[in-house]
Amino acid sequence: VRGRTCLSRLDLDSTGLGDVGARSIVGVLGHCPSLAQLSLGGNLFGASGVRRLSEALGQCEALEGFDLSGNSMGPQAFGRLASALGQCKGLRSLNLSRCGVGDRGAQNVAAVLRGCSGLEAIDLRGNLIGAEGVREMARVLPQCTALNQLQLSGNRVDAESVLENRLHMHPTMHIEF
């Protein structure tokens, strides 16, 4: 992959890279300035692997779509990831389903929403997000004019908390819960 500076899509879903393999991905990302789509779902990345990836994401200025689904990073590693994703100003699609985000990580999702004004779709299915996490995201939704899809199914979110936090009031958004 090195030397492929015009690479626009890198799909390494379910390759079992793990935390050690994340180090190799970091080396590659610095050589792909035009990378628009990065899919790393189901690679057994834990906190240390996600931390390494977070360090390199700032180099991906052209990144439009990022899939890290099915990696059990937990809320602590998500803080660093959220900070890095906030630098990806062109990000339009983010898949963090089944990553163990939880309520604490949902606060970081809110930070990503603030920083990525062009974000159109975010998938947070199966992340144990409850009313507290939804409340944090609901605070920034009025600023997210491009966001049209928020997937929350498989979380601890019930219809009452969604209505209570007025997620349904976003005029152009399809919410799945």
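As the structure is a computational prediction, the values presented were derived from the model and not from experiment.

(A) The environment of serine 97, seen in detail. Note that serine 97 resides in the loop between strand S4 (93-95) and helix H4 (102-115). In the structure, serine 97 is positioned 41 residues away from alanine 56 in sequence and 21 Å away in space, judged by C-alpha atoms. Every residue in contact with serine 97, bar those within four places of it in the chain, is listed here: Ser69, Gly70, Asp123, Leu124, Arg125 and Asn127. Here the side chain of serine 97 touches arginine 98 through a polar contact of 3.1 Å, side chain to side chain.

(B) Quick look at the nonpolar core. Counting 53 residues, the largest nonpolar core has Phe66, Leu68 and Leu81 as the members making the most contacts within it. Every element with two or more residues in this core is listed here: helix H1 (18-29), helix H2 (47-57), helix H3 (74-85), H4 and helix H5 (131-140). If sequence neighbours within four positions are ignored, leucine 68 has contacts with Leu40, Gly41, Phe45, Val50, Leu53, Met73, Leu81, Asn95, Leu96 and Cys99.

(C) Inspection of the packing of H1 against H2 at higher detail. In contact at an axis separation of 8 Å, H1 and H2 are set at 5° when each is read in the N-to-C sense. If you check the angle between H1 and H2, you find them roughly parallel. Contact residues: H1 offers Asp19, Ala22, Arg23, Ile25, Val26 and Leu29, while H2 offers Ser48, Gly49, Arg52, Leu53 and Ala56. Taken together, the residues of the contact of H1 with H2 break down into six nonpolar, two polar and three charged.

(D) Broad picture of H1. For H1, with 12 residues, the first-to-last C-alpha span of 16 Å sits near the 16 Å given by 1.5 Å per residue. Turning to H1, its buried residues number three or more, namely Gly18, Gly21, Ala22, Ile25, Val28 and Leu29. The arc that holds the buried residues of H1, viewed along the axis, is 115°, so those residues lie on one side. The exposed set on the far side of H1, more than 90 degrees from its buried face, consists of Val20 and Arg23. On the buried face of H1, the contacting elements are strand S1 (9-11), strand S2 (37-39) and H2.

(E) Quick look at the sheet that holds strand S6 (residues 149-151). Within the open sheet, the seven strands sit side by side as S1-S2-S3-S4-S5-S6-S7. Their pairing is parallel. Only two strands of the sheet have a single neighbouring strand rather than two, namely S1 and strand S7 (174-176). Strand-to-strand, the axes of this sheet are offset by a mean angle of 5°, without reference to chain direction. Relative to S7, S6 is paired through three bridges, and the arrangement is parallel. Following the sheet pairing, leucine 150 is matched in S7 by isoleucine 175.

(F) Inspection of the environment of asparagine 155 at higher detail. Structurally, the position occupied by asparagine 155 is in the loop between S6 and helix H6 (159-164). Taking the C-alpha atoms as reference points, asparagine 155 and leucine 81, separated by 74 residues in sequence, lie 20 Å from one another. Apart from the residues within four sequence positions on either side, asparagine 155 is in contact with Leu124, Arg125, Gly126, Asn127, Leu128 and Ile129. A distance of 2.9 Å separates a polar side-chain atom of asparagine 155 from the backbone oxygen of leucine 124.

(G) Structural context of the pattern of salt bridges. Counting across every chain of the model gives five salt bridges. With a shortest N-O distance of 3.3 Å, arginine 92 and glutamate 64 are connected by a salt bridge. A residue pair is termed long-range when its members are at least 10 positions apart, and arginine 92 in the loop between H3 and S4 and glutamate 64 in the loop between H2 and strand S3 (65-67) qualify at 28 residues. With a closest N to O distance of 2.5 Å, arginine 125 and aspartate 123 form a salt bridge. Given a relative accessible area of 30%, arginine 125 falls into the partly exposed group.

About the thresholds
- Residues numbered from 1 in each chain as written.
- Predicted model: local features only at pLDDT ≥ 70, side-chain atom pairs only at ≥ 80, totals over all residues.
- Heavy atoms only, no water.
- Helix = DSSP H or I, 4+ residues; strand = E, 2+ residues; numbered from the N terminus.
- Contact = heavy atoms within 4.5 Å.
- Polar contact = N/O pair within 3.5 Å; in protein donor to acceptor, adjacent residues only side chain to side chain.
- Core = buried A, V, L, I, M, F, W, Y, C linked by side-chain atoms within 4.5 Å.
- Buried < 20%, exposed > 50% of the residue type's maximum accessible area, 1.4 Å probe, protein only.
- Axes fitted to C-alpha atoms, helices over the stretch in contact; angles between N-to-C directions.
- Parallel < 35°, antiparallel > 145°, perpendicular 65-115°, else oblique.
- Nonpolar A, V, L, I, M, F, W, Y, C, P; charged D, E, K, R; others polar.
- Expected span 1.5 Å × (residues − 1).
- Arc of directions from axis to C-beta.
- Pairing = 2+ DSSP bridges.
- Salt bridge = Lys/Arg side-chain N within 4 Å of Asp/Glu carboxyl O.

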